[in-house]
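The residues making up each chain are set out below.
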Amino acid sequence: MNLKIYKYKQNYLDISKTDEIIKLNSEKNIILDIGSGEGEFLTELAIKNKNELHIGIEIKYGRIIKSLKRVDKIGLKNIKFIYGDINPIVESIFYSNNIKNIYINNPDPWPKDRHIKNRIIKSNLLNKLFQILIRNGEMIIKTDSSEYLEYMKKEINESKFKKWKSYKKNSLPLTKFQKDFKNTNKEIYALYLTKN
Ligand SMILES: C[S@@+](CC[C@H](N)C(=O)[O-])C[C@H]1O[C@@H](n2cnc3c(N)ncnc32)[C@H](O)[C@@H]1O
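Just so it is clear, the structure is predicted and the values come from calculations on it, not from any experiment. The residue numbering used here restarts from 1 in each chain and proceeds along that chain's sequence as written. Per-residue local features of the predicted model are confined to residues with pLDDT of at least 70, and side-chain atom pairs are confined, for both listing and counting, to 80 or more; whole-chain, interface and lining totals are unaffected and use all residues.

1. Re the sheet that holds strand β3 (residues 79–83)
- Strands are treated as partners if at least two bridges between them are detected by DSSP. Secondary structure elements are taken from DSSP: a helix is a run of H or I of four residues or more, a strand is a run of E of two residues or more, and numbering for both begins at the N terminus. Read from one edge to the other, the open sheet built from 7 strands follows the order β3-β2-β1-β4-β5-β7-β6, with strand pairing classed as mixed. The outermost strands of the open sheet, each flanked by one partner alone, are β3 and β6 (163–166). For this sheet the average axis-to-axis angle between neighbouring strands, irrespective of direction, equals 15 degrees.
- Contacts here follow a simple rule: the backbone-placed C-beta atoms of the two residues must lie within 7 Å. Simply put, an axis is a line fit to the C-alpha atoms, just over the touching stretch for a helix, and the angle between two N-to-C directions goes from 0 to 180 degrees. In the packing of helix α5 (residues 123–132) onto the sheet, contacts are made with β4 (99–105) and β5 (133–143), and the angle to β5 comes to roughly 140 degrees.

2. Description of the site of the ligand
- Nearness rests on one distance test: the residue's C-beta atom, set from the backbone, must lie within 6 Å of the molecule or strand. In the vicinity of the ligand there are 19 residues, among which Gly35, Gly37, Ile59, Asn105 and Thr175 approach most closely.
- Every element with two or more residues in the shell around the ligand is listed here: β2 (54–58), α4 (86–93) and α7 (176–183).
- Of the residues assigned to the shell around the ligand, the class counts are 6 nonpolar, 7 polar and 6 charged. Only Asp, Glu, Lys and Arg are considered charged, only Ala, Val, Leu, Ile, Met, Phe, Trp, Tyr, Cys and Pro nonpolar, and every remaining residue, Gly among them, polar.

3. Points about the nonpolar core
- Here a nonpolar core is just a set of buried residues of the types Ala, Val, Leu, Ile, Met, Phe, Trp, Tyr and Cys, joined wherever their C-beta atoms sit within 7 Å. Buried means a residue has 20 or more other C-beta atoms within 10 Å of its own C-beta, exposed means 12 or fewer, and partly exposed covers the counts in between; C-beta atoms are placed from the backbone. Core analysis: the largest hydrophobic core is formed by 40 residues, its most contacted members being Leu32, Ile99, Ile102, Leu129 and Leu133.
- Residues contacting Ile99, with those up to four places away along its chain left out, are Ile30, Leu32, Phe94, Ile132, Leu133, Ile134 and Gly137.

4. What about the packing of α4 against α5?
- Look at α4 against α5: their axes get within 10 Å of each other, and the N-to-C directions meet at 25 degrees. Put simply, α4 runs roughly parallel to α5. Taken as a pair, α4 and α5 cross one another with a handedness that is left-handed. For the pair α4 and α5, the contacting residues are Ile86, Asn87, Val90 and Glu91 in the first and Leu125, Lys128, Leu129 and Ile132 in the second.
- The residue inventory of the contact of α4 with α5, partitioned by class, reads 5 nonpolar, 1 polar and 2 charged. In what follows, roughly perpendicular refers to angles from 65 to 115 degrees, roughly parallel to angles under 35, roughly antiparallel to angles over 145, and oblique to any angle outside these ranges. By definition, any crossing whose near helix is turned counterclockwise from its far helix by less than a right angle is left-handed, and any crossing with a clockwise turn is right-handed.

5. Quick word on α5
- The set of residues buried in α5 consists of Leu126, Leu129, Phe130 and Ile132. Summarising the axial view, the buried residues of α5 lie within an arc of 165 degrees, below the 170-degree limit, and thus occupy one face.
- Those residues of α5 that are buried lie in contact with α4, β4, β5 and α6 (146–157). The arc refers to the directions leading from the helix axis to the C-beta atoms.

6. As for the pairing of strand β1 (residues 30–34)
- With respect to burial, β1 is a largely interior element, 5 of its 5 residues being buried.
- Burial of β1 is two-sided: the residues Ile30, Leu32 and Ile34 facing one way and the residues Ile31 and Asp33 facing the other way are all buried.
- For β1 and β4, the ladder comprises 4 bridges, and the chain directions are parallel. Paired with Ile30 across the bridge in β4 is Ile99.
- Where β1 and β2 come together, 4 bridges link them in parallel fashion. Counterpart to Asp33 in the pairing with β2 is Gly56.

7. Considering the environment of Ser92
- Note that Ser92 resides in helix α4.
- For the pair Ser92 and Tyr148, spaced 56 residues apart in sequence, the C-alpha to C-alpha distance is 28 Å.

This is the structure we're talking about:
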C-alpha cells in the first residue's frame with residue numbers, strides 16, 4: 001500500500017479502521033461529495049461551513065493526494081477524504097443515515113455505447129444514496145452531457161427518489177471541470193433530488 005496517504009492523518013479517512021467508521025457514523029448532517037476529484041469544490045464548502053463535516057470520496061489515488069495536500073496546507077479540520085469506489089463501500093461505511101447533502105459533480109459521462117456500463121448514476125447506487133440521507137436530505141447532480149442527463153432522469157425514475165427537479169440556483173462553488181466548461185460557454189445541467 002502506498003504510504004504517502006498516511007502522512008495526512010487529520011484529513012485521510014482510512015475505512016479499514018473500525019474506530020474511524022464508528023466515529024463517522026456518530027456524526028450528524030454530513031456533506032458528501034462523490035467523485036470529488038482534486039477536492040477544490042468540497043474545500044470551498046468546508047471553509048464556508050465550519051460546523052459541518054465534509055467527506056469526499058474519490059477513486060483515483062493521485063487526485064486524493066492532491067485533495068489531501070490542499071486541505072492540509074490550509075489546516076482544515078472539518079473535511080476528510082476517502083480513497084475508494086463509491087459503489088461497494090457506500091453501505092458499509094455509512095450505516096446510520098446521517099448524510100444531509102450529497103453532491104455529484106460531473107460524473108464521467110462515458111459517451112460510447114460499450115462504456116455506458118461504467119456510469120455511476122444508476123438506480124442501484126441511487127437507492128443506496130437514498131438510504132443514507134437524513135429525512136429531507138438533498139442531492140445535487142451536475143453534468144455537461146445532455147445525453148447523460150436524460151439517462152440519469154430514467155435511472156432516477158426507477159429509483160426510490162420520488163421528487164426531483166432541475167436545479168436553477170447558482171450559489172454553489174464551481175468545480176475544476178465546471179470552470180473549464182464556463183470558459184467554453186457550455187451548458188451545465190443540474191438535478192435536485194430530495195428524500196421525502
Ligand atoms: C469528471 S471527474 C469530476 C471531478 C470533480 N467532481 C469536478 O467536477 O471537478 C469525475 C470524478 O469521479 C471519479 N470517480 C469515477 N468513478 C468513481 C467511483 N466509482 N467512486 C468514486 N469516484 C469515482 C473520477 O476519478 C473523477 O475524479
